[in-house]
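One letter stands for each residue in the lines below.
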Amino acid sequence: MKESEKGQALRHREMVETLRRYGIADQRVLDAFQKVQRHLFFERDATDSAYDDGAYSIGFGQTISQPYTVAYMTTLLVERVPSGKVLEIGTGSGYQAAILDALGYSVFTIERIVELYERAVKLFSRLGLNITCRFGDGTLGWDDEAPFDGIVVTAGAPGEPKLLMCQLAENGSMIIPLGNAALQEMTVMTREGDMFRREVFQRFSFVPLVGREGWHNTVF
Ligand code: SAH
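Figured I'd write up the structure that's included with this text. Quick caveat, the model's predicted, so the values are computed rather than measured.

1. Quick word on the site of the ligand
Thought 1: In the vicinity of the ligand, 26 residues are found, and the nearest of them are Glu-88, Ser-93, Glu-111, Gly-138 and Val-210.
Thought 2: In this structure, an oxygen atom belonging to the ligand sits 3.1 Å away from a main-chain N or O atom of Gln-96.
Thought 3: Here an oxygen atom of the ligand sits 2.6 Å away from a polar atom, N or O, in the side chain of Glu-111.
Thought 4: Taking 580 Å² as the accessible area of the ligand by itself, protein coverage stands at 99%.

Right under this line is the structure:
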């Protein structure tokens, strides 16, 4: 192993320890973070910060979410929906989708920026990951593949996307940051028959969910 790879492996282990220290306690989630190499989801010349607990630019005004944020959302999902079919909205770098794949979910993901979609398709294929990608407005969901046991929205929404909620299976949960453009509350909507149970957790700041049932303003 090269010296630089040793350093990277060490920083990777430290990142997982940091997540544990910050309160991520589910061992399945921590194991998935140890399994997926985050630097593979960065541009080749920007991998130095890959194991810092930060959000970084992936171009087109978008970011790869902070590991803590990804771990927090993933924990909310794993605790409610330990296995099954999961739809992610906002493929971005592909990191969250790869974490879901490492946990054994059958993963579907939608991205609205074509360059990011194409980059993710290539990356998943290179890494041999069986993740199904789609280009388009994720707020409309993926009718042909519904229902989903879990839906993870990785961009901030102004309100509940009703079409997406209808694509949840019975007892399925949607993890979604809801709020204004600057700050959102992590929210879990769980389907119970025709009703949805709502739980609200801590605040985060995401890039906006832009689409028919998201923000209409693309000036962000
Ligand atoms: N899950 C990503 C986070 C990327 S940031 C990761 O792990 O890297 C959020 C992403 O959501 C951006 O790439 C943005 O283009 C995308 N996005 C925003 N609105 C969307 C929509 N309506 N449908 C699909 N993708 C959307």
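Having seen the structure, we can now continue with the description.
2. Quick word on the sheet that holds strand 8 (residues 184–192)
Thought 1: Taken in spatial order, the seven strands line up as 5-4-3-6-7-8-9 in an open sheet, and their pairing is mixed. Of all strands in the sheet, those with a lone pairing partner are strand 5 (132–135) and strand 9 (195–204), marking the two edges. Each strand axis lies, on average, 15° off the axis of its neighbour in the sheet, ignoring direction.
Thought 2: Those strands touched by helix 3 (residues 67–80) are strand 3 (85–89), strand 6 (148–153), strand 7 (168–179), strand 8 and strand 9, and its axis lies near 155° from that of strand 9.
Thought 3: Relative to the sheet, helix 5 (residues 114–127) contacts strand 4 (106–111) and strand 5, its axis offset from that of strand 5 by approximately 165°.

3. Regarding the environment of Phe-124
Thought 1: One can find Phe-124 in helix 5.
Thought 2: With relative accessibility at 2%, the residue Phe-124 sits in the buried group.
Thought 3: Between the C-alpha atoms of Phe-124 and Gln-8, which are 116 residues apart in sequence, the distance is 21 Å.
Thought 4: Those residues within four positions of Phe-124 in sequence are excluded, and the remaining contacts are Phe-41, Thr-91, Gly-94, Ala-97, Thr-109, Leu-129, Ile-131 and Cys-133.

What counts and what doesn't
Residues numbered from 1 in each chain as written. Predicted model: local features only at pLDDT ≥ 70, side-chain atom pairs only at ≥ 80, totals over all residues. Heavy atoms only, no water. Near = heavy atom within 4 Å. Polar contact = N/O pair within 3.5 Å; in protein donor to acceptor, adjacent residues only side chain to side chain. Areas by Shrake-Rupley, 256 points an atom, 1.4 Å probe, with all protein chains shown as cover. Pairing = 2+ DSSP bridges. Helix = DSSP H or I, 4+ residues; strand = E, 2+ residues; numbered from the N terminus. Axes fitted to C-alpha atoms, helices over the stretch in contact; angles between N-to-C directions. Contact = heavy atoms within 4.5 Å. Buried < 20%, exposed > 50% of the residue type's maximum accessible area, 1.4 Å probe, protein only.

All we've got here are geometric facts, nothing functional implied.
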